[in-house]
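Understanding the architecture of this molecule
Listed here are the chains, written in short residue letters.
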Amino acid sequence: MENTQTENKKVVLSFVQASGTPTLGNYLGAFKNWHNMSQENNCIFGVADLHAITVRSQPADLRRRSVEMYAMLLALGLDPEKNIVFLQSHVKDHALLAWVLNCYTMFGEASRMTQFKDKSSKHADNVNVGLFTYPILMAADILLYGADCVPVGDDQKQHLEIARDIAERFNGIYGNVFKIPEPYIGKKGAKIMSLQEPESKMSKSDPNVKSFVSLTDSTDVIVKKIKSAVTDSEAKVCYREDKKGINNLMNIYSCCTGLDFDAIEKEFEGKGYGDFKAAVAEAVAEEIRPLREEYERILGDQAYIEACAKSGAEKAQRLADRTMNKVMKKVGFYRI
Ligand code: TRP
């Protein structure tokens, strides 16, 4: 095998749904870590386009969003030579393994997934079976590549748990087929909150665009959005339970500058929120600018995107083949 999968390194795997332009929250909570992890591990990163169709969208939209998200992964500096960066639907074994795993997942355990309950109440007009089996497809994504470690946000912890349970059940019957994946939960910046309602997580699907900074926002837009972020009337930059808006801005500032909360409190002692917000906006804009420029450059180069996606899919396919050969044999399919 070429240098993509050297023996002593860990396999770190994560997928991202292409449900719109990612936000500062996605970046600080996940992507920034992905970039760091990709330096030291064998990373496999994918665009979860198969998962995306659990929610209805226009074909052209799905295609565009998938390519944009793929370009974003490349823009993060996940070197496609050293890592595997690809689109889920390009490796058909995700669907095949998901089917097999369906038959080793109990209806009851799938019914306990809280995200299914949330999503089915949000999309009450389209509670399709795909939404229900979504975590099983996710288990297939993970187990197909023998991932050691899966960086996930809080909302995906339960899905990783079920992936482990399914793998253990399968291994219990057939011997050691799947590696049992561990979660990786980043320490800081794991949760960036909405700029307008700092009690809830920053989300790209928030109808109020002022509540999030998108990774493609220009510096001007970033400054405006940070300026209008909700704070409080105390005019004192300090971290305290009841200062949700300020805490969030401090967290963002800390993630962008590397300063801890004490240092931030000192820096803004005696200064008002105007100064603080200006500094936060500048730090965010500087953090995002290189990424945005790289993203735009890559998006303009369709031939490069295609070449990366093709070679990513080929590399992923080779790993998937190994797992699927084992699985198909163990389960008892007649192989020719
Ligand atoms: N469900 C994940 C999310 O919405 C995306 C995802 C799909 C994923 N397959 C995965 C994450 C495998 C980690 C591993 O965020």
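Predicted model only: the values in this text are computed from it and were never measured.

1. Considering the nonpolar core
Residues Y70, L73, I252, F276 and V284 are the most contacted members of the largest nonpolar core, which totals 58 residues. No other element matches the 12 residues that helix α12 (residues 273–299) contributes to this core. Counting the residues that make up this core, at least three belong to each of domain 1 (11–189 + 302–331) and domain 2 (209–295). With near-sequence residues (within four places) excluded, I252 lies in contact with L24, L28, I192, L195, V280 and V284.

2. What about helix α13 (residues 302–331)?
Taking 1.5 Å of rise per residue, 30 residues should cover 44 Å, and α13 covers 41 Å from first to last C-alpha, within 8% of that figure. Looking one or two residues past α13, G332 carries a phi angle of roughly 110 degrees, positive in sign.

3. Some details on the site of the ligand
Taken together, L13, S14, F15, Q17, A48, H51, Y134, M138, D141, I142, V150 and Q156 are the residues near the ligand. In this structure, a nitrogen atom belonging to the ligand sits 2.7 Å away from a side-chain N or O atom of Y134. Within the side chain of Q156, one N or O atom sits 3.1 Å away from a nitrogen atom of the ligand. Protein chains bury 89% of the 360 Å² of accessible surface belonging to the ligand in isolation. Residue assignment for the shell around the ligand shows that the elements contributing at least two residues are β1 (11–16) and α7 (129–144). Per-element tally for the shell around the ligand: the top contributor is α7, with four residues.

4. Considerations on the domain arrangement of the protein
In terms of domains, the protein is made up of domain 1 (11–189 + 302–331) and domain 2 (209–295). Computed over C-alpha atoms, the centres of domain 1 and domain 2 are 31 Å apart. The interface is formed by 15 residues belonging to domain 1 together with 17 residues belonging to domain 2. Carbon and sulfur atoms supply 72% of the area that domain 1 and domain 2 bury against each other, a total of about 1,400 Å² over both sides. The interface formed by domain 1 and domain 2 holds one salt bridge in total. For K32, the salt bridge goes to E287, with nearest N and O atoms at 3.2 Å. Where domain 1 meets domain 2, there are five residue pairs in polar contact (both at pLDDT 80 or more). Elements supplying a minimum of two residues to the side of domain 1 that touches domain 2: α1 (24–40) and α3 (59–75). Per-element tally for the side of domain 1 that touches domain 2: the top contributor is α1, with five residues. Tallied by class, the residues present in the side of domain 1 that touches domain 2 amount to nine nonpolar, three polar and three charged.

Criteria and cut-off values
Residues numbered from 1 in each chain as written. Predicted model: local features only at pLDDT ≥ 70, side-chain atom pairs only at ≥ 80, totals over all residues. Heavy atoms only, no water. Core = buried A, V, L, I, M, F, W, Y, C linked by side-chain atoms within 4.5 Å. Buried < 20%, exposed > 50% of the residue type's maximum accessible area, 1.4 Å probe, protein only. Helix = DSSP H or I, 4+ residues; strand = E, 2+ residues; numbered from the N terminus. Domains from an automatic or database assignment. Contact = heavy atoms within 4.5 Å. Expected span 1.5 Å × (residues − 1). Near = heavy atom within 4 Å. Polar contact = N/O pair within 3.5 Å; in protein donor to acceptor, adjacent residues only side chain to side chain. Areas by Shrake-Rupley, 256 points an atom, 1.4 Å probe, with all protein chains shown as cover. Buried area = accessible area lost by both parts, 1.4 Å probe. Salt bridge = Lys/Arg side-chain N within 4 Å of Asp/Glu carboxyl O. Nonpolar A, V, L, I, M, F, W, Y, C, P; charged D, E, K, R; others polar.

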